[in-house]
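Observations on the model geometry
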Amino acid sequence: MERTLSIIKPDGVSRGLIGDVIKRFEKNDIKIIAMKMVHLTQEDAEKFYAVHKERPFFASLTEFMTSGPIIPMILEGENVIEKNRSLMGATNYKEAAEGTIRRDFATDIEKNVVHGSDSPETAAVEIAFFFNQFEMNER
Ligand code: IDP
Ligand code: MG
């Protein structure tokens, strides 16, 4: 079993897409084993996206990610890192495959509804960023 971090971004929360996103996970045999709603500070967002700090969109991305509450979740399942990435679709919703979360719901390359860890290493770091062991549930 593998674990990954998913986040419903501020656009997904404010547009009423929490249920739609969770439905995709539950329909695809992915278990949510931790979930909460948090509002990141600017400092938190910069830390979370530190890998992108040299990118031209860094300031805009961190501002967006602090613009409202988000829903971080730990997803568990077989091959769930890759499975979640394929349910999400490409970063740019215009290039995302049909039936993916981003293709169906995103409105912008930045405001693309969901985040998902991209490797076992980043999943471990990103999970620990949001959750402690008492918040992870055996199901
Ligand atoms: P990912 O979320 O598909 O893994 P990353 O390249 O890790 O994509 O980028 C992190 C986030 O930064 C994206 O989800 C998106 O919100 C934003 N982003 C990525 N590329 C651009 C861009 O070219 N312009 C504006 N925002 C971008
Ligand atoms: Mg990424």
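Summarised in this report is the structure supplied together with it. (Residues numbered from 1 in each chain as written. Chains lettered and ligands numbered in written order. Predicted model: local features only at pLDDT ≥ 70, side-chain atom pairs only at ≥ 80, totals over all residues. Heavy atoms only, no water.)

A word on helix α7 (residues 120-130). Among all positions of α7, only Ala123, Glu126, Ile127 and Phe130 are buried. Around the axis of α7, the buried residues are gathered within 105 degrees of arc, so they sit on the same side. Opposite the packed face of α7, turned more than 90 degrees from it, sit the exposed residues Glu121, Val125 and Ala128. On its buried face, α7 is in contact with β1 (2-8), α3 (42-48), β3 (71-77), α5 (80-88) and β4 (114-116). (Buried < 20%, exposed > 50% of the residue type's maximum accessible area, 1.4 Å probe, protein only. Helix = DSSP H or I, 4+ residues; strand = E, 2+ residues; numbered from the N terminus. Arc of directions from axis to C-beta. Contact = heavy atoms within 4.5 Å.)

A word on the site of ligand 1. All residues adjacent to ligand 1 are Lys9, His52, Phe57, Leu61, Arg85, Thr91, Arg102, Ile109, Glu110 and Asn112. The separation between an oxygen atom of ligand 1 and a polar main-chain atom of Glu110 is 2.8 Å. A distance of 2.9 Å is found between an oxygen atom of ligand 1 and a side-chain nitrogen or oxygen belonging to Asn112. For ligand 1, the cavity whose grid points lie within 2 Å of the majority of its atoms is the largest pocket. (Near = heavy atom within 4 Å. Polar contact = N/O pair within 3.5 Å; in protein donor to acceptor, adjacent residues only side chain to side chain. 1 Å grid on protein atoms, 1.4 Å probe; cavity = no way out; pocket = protein on both sides within 12 Å on 5 of 7 lines; lining within 4 Å. Sits in = over half its atoms within 2 Å of the grid points.)

All right, on to the layout of surface pockets then. There is about 690 Å³ of room inside the largest pocket. The wall of the largest pocket is formed by 27 residues, among which Tyr49, Val51, His52, Leu61 and His115 lie closest to the centre. Going through the elements one at a time, α3, α5, β4 and α7 are the ones with two or more residues in the lining of the largest pocket. Among the elements that make up the lining of the largest pocket, the one with the highest residue count is α7 (five residues). For the lining of the largest pocket, the residue count by class is eleven nonpolar, seven polar and nine charged. (Points joined across faces, edges and corners; volume = space filled by probe spheres on them. Nonpolar A, V, L, I, M, F, W, Y, C, P; charged D, E, K, R; others polar.)

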